[in-house]
Amino acid sequence: MEAKVPENRPDWFPPVSRLQRGLSAASVAVLILLAGGSAAFSNEQVLIGVPSFALIVLASFASLFTWTSGATGLAGFLTPVFAILLASVVPATSSFLLFSGRPLFVVALAGLVLAVVARRAVPPKFVLLPALFALYAFVAFQSQTRVGPDGDEPQYLMVAQSILQDHDLALDQDFQEKRYEAFFSRPLDPHFRIRGPQGQIYSLHAIGLSILILPAYWLGGYAGASFFMAFVAALLVHQIRRLIADLSGDERLAEGTAWLVGLSPPIIHFAGLIFTEIPAALLLCVGLRAGIFGRTRGTAILAASCAATLPWFNVRYAILSIAVVGALGWRLRTERCMADTRRLDARAILAPLSILIGSAAAIGFYHFALWGFFDPRRVYGRSREFSLDVLPEGLPGLFLDQEFGLFIYAPIYVLSIAGYFALFRRKPVLALAGLVAIAGVVATASVWPMWRGGFNPPARFLVPLASVLAAGLGMCLQRGIKPATALLAGWSLWCGLGGALNIETVHRDRDGVAPFFRTQSGAREWTAALPSFVLSEDRPTRVLAWPWGVLLGIGLILHVRTPPRTARRNSNLDSLFASLALMATAMAADHLSPRIRAPERDATRLLGAPSLTVPWLRWQGISEAIWPLDIFYEPHRTPLGLVFSHELSLTTGRYELALSTTDAAAAGERASLTVVRHSNARATRTPLRADANGLRAEFDIEAIGEYDLTLAGGAPMAFKQARLRLIVP
């Protein structure tokens, strides 16, 4: 007997059977257990890590939450689990192993997103700001202790230090006395292009951020400034929630979108960092909200103040000021039309106009006082900063580069494109202001050789656009969330939370491959399946942008064509097709990839941990890492040593390395093993001793990190296999 749909209940769903709820709950639990246990590919076998007790507890709570939510159709997300079984017995399907280990958190989080939607409940509004501040403070602490200030961050801190100690902006004495040693461990040079009239060194960076962090730096030094910036990031997400609430009138939508944006890159990765992008994003958000939705003279003054403040953080933010001023002007014109008067009220525009003119004049006189000219752009020197030659790599790299691309780390933002059509219908002035900001930022960044930003997390130059992208995203999510959309959210949340817990893997300079995807993969590494636009030698990998671009485009079209808020529950077929589309794209990119793989990294992901071999489920109490070597070592051709294993993620402990050789006669010749920490090039050298099968050595790892293994000296020989095991944890 079919359930009767009540009248006036378009969102009504038929009752859910216990079997459907049980399948969904079990699917989430299985995915979390397999993801948290990780995976490896060693000695031509797939190893599945045994989950810890804490992970079992987490999976139990997630399963219970999914059960009580009444979510259905999550069993299709188990497709990667069956793919792992297939890949373990059919070598031709080895690309399926991309979806083993920690990447399975993507589909687990997608299931939890659908469970949250099915539950139709959001946290109280007052929880967002303190909860995100607590999370961001933790992320800031991670950055302080595991990365430290780098890139442009020490430069802003040095200006604040000079103001506090010397009461001026000249940095000559500050760098001569090495005052940066209070927060920076390496030698540091000032960032400047031209000197002042008397030869003084002034930072080429705008003064706004140094002024903003000045009280926090005075009270707590670098740590105090970092925690203050974490609060600014939390405040940004809070204002994004209010902007979407004003725009849509839907508090649940605003709350859910804010949590999704706040837990996804790039905001969560920039929380606590001393960069201008988060304050600029906050000023743009507050300025647009006050300029468009405000109704009083005070909100007009607030919008003008935000627009006037933005260039003090960086001259390139002038385009954001134009977007805010344009939105405010539209509002004042609309108010005049509604008042049915042709005379413009001078009092309504006098104060905002005075603020804008006064700020522009102050910026000019500030630069004249320091350098002798009014144009703030001249602090960068007379060399050409921008070039159209950069566009072919800068534009796609901003979105699809595996180290710095927005869509690679937060594909949920691709839905902002679709949401902009709804945004134009709902609030044209916000859509136009947002397009001005987006076009200006993207056009500027994509033709600059430093489009990636430098030593920083992904999508640095797109962070100021967080509010306008979130507005488009909110309009798109108002149509509902289906499994394909949930997968986009799951990937974004995995990168956001995973990167926050391993902050050193996302706060990096150009490396050719992304440390996050290098270290957080399972039995098959993801870096070969993702494009890279940073290094010229990686140009062949840029073809991989096509399958990922097609996948995002199809997902965007399907989301737009799906009727909004359809009155049916998600089915297992929906999640199955969404999973298959993601897996097929990843496999296609993996097969197209020109990158040479590093089997040593895939083999060492469960080194020293208990595991089970798949599909035969044989137990290994302490896993070893075994990978093939196909090298002929000739010491005279590599006087500096031959690197045979790159960037192995190793924990502290004592290890034994055994190298099998096909040249038994030369096995007695002595060579040395050099273990080099990848982050600081610190090396330790250990003599290799000969045995019946080849060479063997023991070495100690004193700090968790990535290490290169290098051969030096000895006699020529051919190596066929390496075996690494943890002797003493």
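Residues numbered from 1 in each chain as written. Predicted model: local features only at pLDDT ≥ 70, side-chain atom pairs only at ≥ 80, totals over all residues. Heavy atoms only, no water.

1. Digging into the sheet that holds strand 13 (residues 717–728)
Either a parallel or an antiparallel arrangement is found when strands of a sheet pair, and the pairing is made through backbone hydrogen bonds.
Here's step 1: Pairing is antiparallel across the open sheet formed by five strands, whose spatial order is 5-13-7-11-10. The open sheet terminates on both sides in strands that have one partner only, identified here as strand 5 (625–633) and strand 10 (689–690).
Here's step 2: Two elements, strand 10 and strand 11 (residues 694–701), share two bridges in a ladder whose sense is antiparallel. Pairing of Ala 690 across the sheet is with Leu 695, part of strand 11. (Pairing = 2+ DSSP bridges. Helix = DSSP H or I, 4+ residues; strand = E, 2+ residues; numbered from the N terminus.)

2. Side note on a nonpolar patch on the surface
Here's step 1: On the surface, Leu 86, Val 89, Val 90 and Trp 616 cluster together to form a nonpolar patch covering roughly 380 Å² of accessible area.
Here's step 2: Mapped onto the elements, Val 90 comes out in the loop between helix 3 (79–89) and helix 4 (105–119).
Here's step 3: Residue Val 90 is classed as partly exposed on the basis of its relative accessible area, which comes to 32%. (Patch = residues over 30% accessible without salt bridge, like charges linked within 9 Å, V, L, I, M, F, W, Y side chains within 5 Å. Areas by Shrake-Rupley, 256 points an atom, 1.4 Å probe, with all protein chains shown as cover. Salt bridge = Lys/Arg side-chain N within 4 Å of Asp/Glu carboxyl O. Buried < 20%, exposed > 50% of the residue type's maximum accessible area, 1.4 Å probe, protein only.)

3. With respect to the environment of Val 534
Here's step 1: Take Val 534: it is sitting in the loop between helix 21 (515–519) and helix 22 (545–561).
Here's step 2: The spacing of Val 534 and Ala 308 is 226 residues in sequence and 34 Å in space, taken between C-alpha atoms.

4. Regarding the state of the cysteines
Here's step 1: Considering all chains together, one arrives at zero disulfides under this definition.
Here's step 2: Cys 306 forms no disulfide, and the closest cysteine sulfur to it belongs to Cys 285, at a distance of 9.3 Å.
Here's step 3: Unpaired in terms of disulfides, Cys 495 finds its nearest cysteine sulfur in Cys 476, a separation of 19 Å.
Here's step 4: The buried category is assigned to Cys 495, whose relative accessible area is 0%. (Disulfide = S-S within 2.5 Å.)

5. Description of helix 4
Here's step 1: Between its terminal C-alpha atoms helix 4 stretches 21 Å, which fits the 21 Å expected from 15 residues at 1.5 Å a residue.
Here's step 2: All buried positions along helix 4 are accounted for by Val 106, Val 107, Ala 108, Leu 109, Ala 110, Gly 111, Leu 112, Val 113, Leu 114 and Ala 115.
Here's step 3: Packed against the buried residues of helix 4 are helix 1 (18–37), helix 2 (53–69) and helix 20 (483–501).
Here's step 4: One or two residues past the end of helix 4 sits Arg 120, with phi positive at roughly 55°. (Expected span 1.5 Å × (residues − 1). Contact = heavy atoms within 4.5 Å.)

6. Overview of the packing of helix 5 (residues 128–146) against helix 9 (residues 251–263)
Here's step 1: Contact pair helix 5 / helix 9: the axes reach a minimum separation of 11 Å and the direction vectors enclose 10°. In this view, helix 5 runs roughly parallel relative to helix 9, as classed from their interaxial angle. Contact residues: Leu 128, Ala 131, Leu 132, Leu 135 and Tyr 136 in helix 5; Glu 255, Ala 258, Trp 259, Gly 262 and Leu 263 in helix 9.
Here's step 2: Partitioning the contact of helix 5 with helix 9 into residue classes produces eight nonpolar, one polar and one charged. (Axes fitted to C-alpha atoms, helices over the stretch in contact; angles between N-to-C directions. Parallel < 35°, antiparallel > 145°, perpendicular 65-115°, else oblique. Nonpolar A, V, L, I, M, F, W, Y, C, P; charged D, E, K, R; others polar.)

7. Considering the side chain of Ser 100
Here's step 1: Tracing the chain through its elements places Ser 100 in the loop between helix 3 and helix 4.
Here's step 2: Side-chain polar atoms of Ser 100 contact the backbone nitrogen of Ala 523, separated by 2.9 Å.
Here's step 3: Look past the residues within four positions of Ser 100 in its chain and what remains in contact with it is Ala 39, Ile 84, Gly 522, Ala 523 and Arg 524. (Polar contact = N/O pair within 3.5 Å; in protein donor to acceptor, adjacent residues only side chain to side chain.)

8. Here's the deal with the confidence of the model for the protein chain
Here's step 1: On average, residues of the protein chain score 90 in pLDDT, and 94% of them reach the 70 mark or higher.
Here's step 2: Confidence over residues 1–13 falls short of pLDDT 50; this stretch has 14 contacts with residues more than four positions distant or in other chains. (pLDDT = per-residue confidence, 0-100.)

9. Here we look at the pattern of salt bridges
Close approach of charged atoms lets side chains of opposite charge pair.
Here's step 1: Enumeration over the complete set of coordinates arrives at 32 salt bridges.
Here's step 2: Taking the shortest distance from any N to any O, the salt bridge between Asp 172 and Arg 195 comes out at 3.9 Å. Of this pair, Asp 172 sits in helix 7 (residues 172–176) while Arg 195 is found in the loop between helix 7 and helix 8 (208–248), placing the two residues 23 residues apart along the sequence.
Here's step 3: On the basis of relative accessible area, Asp 172 is assigned to the partly exposed category, the value being 23%.
Here's step 4: With a relative accessible area of 43%, Arg 195 lands in the partly exposed category.
Here's step 5: For the salt bridge of Glu 656 with Arg 696, the shortest nitrogen-to-oxygen distance reads 3.3 Å. Here Glu 656, found in strand 7 (residues 653–661), pairs with Arg 696, found in strand 11; they are 40 residues apart in sequence, far enough to count as distant.
Here's step 6: With relative accessibility at 21%, the residue Arg 696 sits in the partly exposed group.
Here's step 7: Bridged by salt links that share partners, the residues Asp 511, Arg 518, Glu 525, Arg 601, Asp 602, Arg 605, Glu 647 and Glu 706 form one connected network.

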